[in-house]
Amino acid sequence: TTDPSNPTGVKLTIDYNIQESVESILDEDNINGAVIVTEVDTGKILTICSRPNYNQEKIEYYLDSTDMALYNKAVQVAYPPGSIFKTVVLLTAFEEEIDLFDKEFYCKGYEDIRNVKIKCTSEHGHLNLKEGFERSCNSVFIQLGKQLGGKKIIEMAENLNFGSKINIGLLEEVSGRLPKGDELLGPAIGNISIGQGKIEVTPLQIANLMTIIANKGVQKHLTLVEGITNKDGVVIKEYNREDDKRVLSVSSSELAMEYLNSVVENGTGKELDLYEVGGG
């Protein structure tokens, strides 16, 4: 008989039904990108999906492709995060305990930073911070970023694992990029405040951020591997996971969750208001 303690396979954390549903939606709507679903309480990755897909028996057809079909976009490709990064700026302000709740911002449709003009999506006029987040107002967040400073924002990003690998068990995962040194000076704060310029992040790092917020500031070690199995599929050695780590205060996380929910209830994510979700 075969030794039941003999390792023969690996069990993943993927949920077949969720994975199949996500893949079907991406294929039916011809969506090019990546989707990651995590189990908040445990940090297990239930779905990790990248599109466009490719035929594994005809790899040669994709070698010169420009749509990056051969890449797992969830972990192998880093992108400018854009307005999603405003969540990091928001958390920086909350953790610094700056009194912003009665502060009024003004958006004239653009911001001038040392003769560099950065446009907003609209001329929003007078806004408080929550309204600025709901409407993804560039002007509000550039003004906030100037108050905080690029160094503090990037330190917060590093604390949330941007600029480094999450290490879910895939060797091809990339680290992304955060600006440093002279890249934080002068008009760079405009791009930093709205997630542009030298900032590059992976979809996995964004999933990690949202899982932290959902866990009220506790970072779970995201993982794709449940453990090593024997021939019967029984896990005989669980994946060695890092301990939970608090990276944000409970109050900052709860405020961020409130603001994210408000984006869907009142702001730019209103088309998602059929569901109990938050968005940035």
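Refer to the structure printed above.
Only a predicted model underlies this, so the values are computations on that prediction, with no experimental measurement involved.

**Q** Give a description of the sheet that holds strand β10 (residues 235-238) that names residues and reports values.
**A** One open sheet accounts for 3 strands, arranged β1-β9-β10; its pairing is antiparallel. The strands lining the two open edges of the sheet, one partner per strand, are β1 (9-12) and β10. The mean inter-strand angle of the sheet, taken between neighbouring strand axes irrespective of direction, is 40 degrees. Here β1 pairs with strand β9 (residues 225-229) via 4 bridges, running antiparallel. For Gly-9, the partnering residue across the bridge sits in β9 and is Thr-229.

**Q** Please provide a residue-by-residue account of the nonpolar core, values included.
**A** Counting residues in hydrophobic clusters, the biggest one holds 46 residues, and the most contacted among them are Val-88, Leu-129, Phe-141, Leu-144, Leu-160, Phe-162 and Ile-192. Broken down by secondary-structure element, the contributors of at least two residues to this core are α2 (86-95), β4 (105-107), α3 (129-134), α4 (138-148), α5 (150-159), α6 (188-193), α7 (203-214) and α8 (250-266). No other element matches α2, which puts 6 residues into this core. With residues up to four places along the chain from it excluded, the contact list for Leu-129 reads Leu-90, Phe-94, Leu-100, Lys-103, Phe-105, Val-140, Phe-141, Leu-144 and Tyr-259.

**Q** Please give an account of the side chain of Gln-219 that cites residues and values.
**A** Mapped onto the elements of the fold, Gln-219 is located in strand β8 (residues 218-219). Among the polar contacts listed, one links the side chain of Gln-219 to the side chain of Asn-161, at a separation of 3.0 Å. Discounting residues that sit within four places of it in the chain, Gln-219 has contacts with Asn-159, Asn-161, Asn-208, Ile-212, Asp-243, Asp-244, Lys-245 and Val-247.

**Q** Give a detailed account of the pattern of salt bridges, specifying residues and quantitative values.
**A** In this structure the tally under the stated criterion is 11 salt bridges. For Lys-44, the salt bridge identified is with Glu-226, shortest N-O distance 3.1 Å. Highlighted residues: Lys-44 in the loop between β2 (33-38) and β3 (45-51) and Glu-226 in strand β9, separated in sequence by 182 residues. Under the relative-accessibility criterion, Lys-44 is labelled partly exposed at 22%. Among the ionic contacts, a cluster of salt bridges with common partners joins Glu-23, Asp-27 and Arg-51.

**Q** Go over helix α1 (residues 16-28) with me, naming the residues and quoting the values.
**A** Across its 13 residues, α1 extends 18 Å between first and last C-alpha, which sits within 8% of the 18 Å expected from 1.5 Å per residue. Within α1 the residues assigned to the buried category are Gln-19, Val-22 and Leu-26. Down the axis, α1 shows its buried residues gathered within 70 degrees of arc, on one side only. Facing away from the buried side of α1, by more than 90 degrees, are the exposed residues Tyr-16, Asn-17 and Glu-28. Those residues of α1 hidden inside the fold are in contact with β2 and β3. For α1, the capping residue at the N-terminal end is Asp-15, with a side-chain oxygen 3.0 Å from the backbone nitrogen of Asn-17. Backbone geometry just downstream of α1 places Asn-30 in the positive-phi region, at approximately 55 degrees.

**Q** Pulling in residues and values, what's your account of the packing of α2 against α7?
**A** Between α2 and α7, the shortest axis-to-axis distance is 11 Å and the interhelical angle comes to 40 degrees. Overall, the two elements α2 and α7 adopt an arrangement that is oblique. For the pair α2 and α7, the crossing hand works out as left-handed. Contacts between α2 and α7 involve Thr-87, Val-88 and Leu-91 on the former and, on the latter, Leu-209, Met-210 and Ile-213.

**Q** Which residues make up α2, and what are the values?
**A** Counted residue by residue, α2 has 9 buried out of 10 residues, so it is predominantly covered. Within the sequence span of α2, burial applies to Lys-86, Thr-87, Val-88, Val-89, Leu-90, Leu-91, Thr-92, Ala-93 and Phe-94. Among the structural elements, α3, α4, α5, α6, α7 and α8 are those in contact with the buried residues of α2. A positive backbone phi angle near 55 degrees is found at Glu-97, which sits one or two residues after α2.

Cut-off values and rules
- Residues numbered from 1 in each chain as written.
- Predicted model: local features only at pLDDT ≥ 70, side-chain atom pairs only at ≥ 80, totals over all residues.
- Heavy atoms only, no water.
- Pairing = 2+ DSSP bridges.
- Helix = DSSP H or I, 4+ residues; strand = E, 2+ residues; numbered from the N terminus.
- Axes fitted to C-alpha atoms, helices over the stretch in contact; angles between N-to-C directions.
- Core = buried A, V, L, I, M, F, W, Y, C linked by side-chain atoms within 4.5 Å.
- Buried < 20%, exposed > 50% of the residue type's maximum accessible area, 1.4 Å probe, protein only.
- Contact = heavy atoms within 4.5 Å.
- Polar contact = N/O pair within 3.5 Å; in protein donor to acceptor, adjacent residues only side chain to side chain.
- Salt bridge = Lys/Arg side-chain N within 4 Å of Asp/Glu carboxyl O.
- Expected span 1.5 Å × (residues − 1).
- Arc of directions from axis to C-beta.
- Parallel < 35°, antiparallel > 145°, perpendicular 65-115°, else oblique.
- Left-handed = near helix turned anticlockwise from the far one by under 90°.

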